[in-house]
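Listed below are the residues making up each chain.
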Amino acid sequence: MSDIADRVKKIVVEHLGVEEDKVTETASFIDDLGADSLDTVELVMAFEEEFGIEIPDDAAETIQTFGDAVGFISKAV
Amino acid sequence: MFDLTGKTALVTGASGGIGADIARALHKAGAVVGLSGTRVAPLEELAAELGERAHVLACNLSVAEEVEGLVKRGVEAMGSVDILVNNAGITRDGLAMRMSDEDWASVIDVNLTASFRLCRAAIRGMMKARYGRIINISSVVGTTGNPGQANYCASKAGMVGMSKALASEVASRGITVNCVAPGFIETAMTDKLNEAQKGGILSAVPAGRMGRPEEIAAAVVYLASGEAGYVTGATLHVNGGMAMI
């Protein structure tokens, strides 16, 4: 697994308090990992901080799963 | 009664009569206070009076960049901002028919927009901490209206609506957002009124006197306390009964 995926996973695990093995490629933050809308905003902000990138609102809306997040961030950094 | 030891509080408009007393009361309850205002001299004076646990954070709230940086400076100085008191406010009174766009906009900018920006910035850290207290100082005229103050009344009513929206967004994270709405309070501003003007005002106040700044500060300390954790989206009216709302 790439370094980016590891760092994203760490943030997700810490923030949502879920088991690491639940955070799979297709795991949806809201449907599978129990996030609410505020959690998703916090996650995006945490990603921005961790990777020093800006995630605009329209892009943030497309980040629904762990895989989406890793994909977006890999392109953005 | 309410212990704020270990908490950090950022107070805007701390150079003014009400703001200074809010800072004093929070400090007395044990909080570390960040004193913000445009004029540095009175802030330095207040900080010297308070002694330890007081930081001066000068900021002109009509300059967006300064507003954006204020919470960050508060965190640098105090380690966090657990309590935010948006107390700073300006007036540019005039009948609506004669009110310029500039006078409208400057009051909305400082009283409402700067408060929003500070809330937005402060909530970031509060979300992580799963704890926060935001107290926005509104005014009785935000509810009742007052001739010559269309801009000011709009800004103060706006704070109430904004606080309710924010309160519902962040309640699940242990953050409360409330307003305190003062009535007529003894300050440098009301000292300028003549006896006849004061008499006219007091005839509308069942308590028969003006409020004192420390009576506003006491309401703020309550809403800043851990004990007030279940109070959110509320407006605490402190007005001697002049408007029972």
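Residues numbered from 1 in each chain as written. Chains lettered and ligands numbered in written order. Predicted model: local features only at pLDDT ≥ 70, side-chain atom pairs only at ≥ 80, totals over all residues. Heavy atoms only, no water.

Quick look at the overall build of chain B
Along the backbone of chain B there are nine helices and seven strands. In summary, chain B has a C-alpha radius of gyration of 17 Å against a globular reference of 18 Å for 245 residues, a match within 12%. Dimensions of chain B, computed from the C-alpha atoms along their principal axes, are close to 50 × 40 × 40 Å. Among the 245 residues that make up chain B, the fraction classed as buried is 47%. (Helix = DSSP H or I, 4+ residues; strand = E, 2+ residues; numbered from the N terminus. Rg over C-alpha atoms; globule rule 2.2 N^0.38 Å. Buried < 20%, exposed > 50% of the residue type's maximum accessible area, 1.4 Å probe, protein only.)

Focus: the pattern of salt bridges
Using the criterion set out here, one finds 16 salt bridges over all chains in the structure. In this structure, the salt-bridge partner of E49(A) is K128(B), at a minimum N-O distance of 2.9 Å. Within this pair, whereas E49(A) is found in helix α2 (residues 37–51), its partner K128(B) is found in helix α4 (residues 101–129), the two belonging to separate chains. Through salt bridges that share partners, D36(A), D39(A), E42(A), R130(B) and R173(B) make up one connected network. (Salt bridge = Lys/Arg side-chain N within 4 Å of Asp/Glu carboxyl O.)

Points about the environment of E186(B)
Residues and elements named next belong to chain B. Relative to the helices and strands, E186 resides in the loop between β6 (175–182) and α7 (188–191). Along the primary structure E186 and M210 are separated by 24 residues, whereas in three dimensions their C-alpha atoms are 6.0 Å apart. Here E186 is in contact with M210, G211, R212 and P213, once residues within four sequence places are set aside. (Contact = heavy atoms within 4.5 Å.)

A word on the packing of aromatic side chains
Residue and element names in this part refer to chain B. What the rule picks out here adds up to one aromatic pair over all chains. Where F2 meets Y222, the ring centres are 5.5 Å apart and the plane angle is 55°; that geometry is what we call tilted. Of this pair, F2 sits in the segment before β1 (8–11) while Y222 sits in helix α9 (residues 213–224), and the two are 220 residues apart along the sequence. A cation over an aromatic ring shows up here: K7 above the ring of Y131, its NZ or CZ 4.1 Å from the ring centre. (Phe/Tyr/Trp six-rings, centres within 6.5 Å; stacked < 30°, edge-to-face > 60°. Lys NZ or Arg CZ within 6 Å of the ring centre and 35° of its normal.)

What to know about the packing of α2(A) against α4(B)
It is at 12 Å that the axes of α2(A) and α4(B) come closest, and there the two elements cross at 105°. Classified by the angle between their axes, α2(A) and α4(B) sit roughly perpendicular to one another. Facing L38(A), E42(A), M45(A), E48(A) and E49(A) of α2(A), the residues of α4(B) in contact are R124(B), M127(B) and K128(B). Residues of the contact of α2(A) with α4(B), tallied by class, amount to three nonpolar, no polar and five charged. (Axes fitted to C-alpha atoms, helices over the stretch in contact; angles between N-to-C directions. Parallel < 35°, antiparallel > 145°, perpendicular 65-115°, else oblique. Nonpolar A, V, L, I, M, F, W, Y, C, P; charged D, E, K, R; others polar.)

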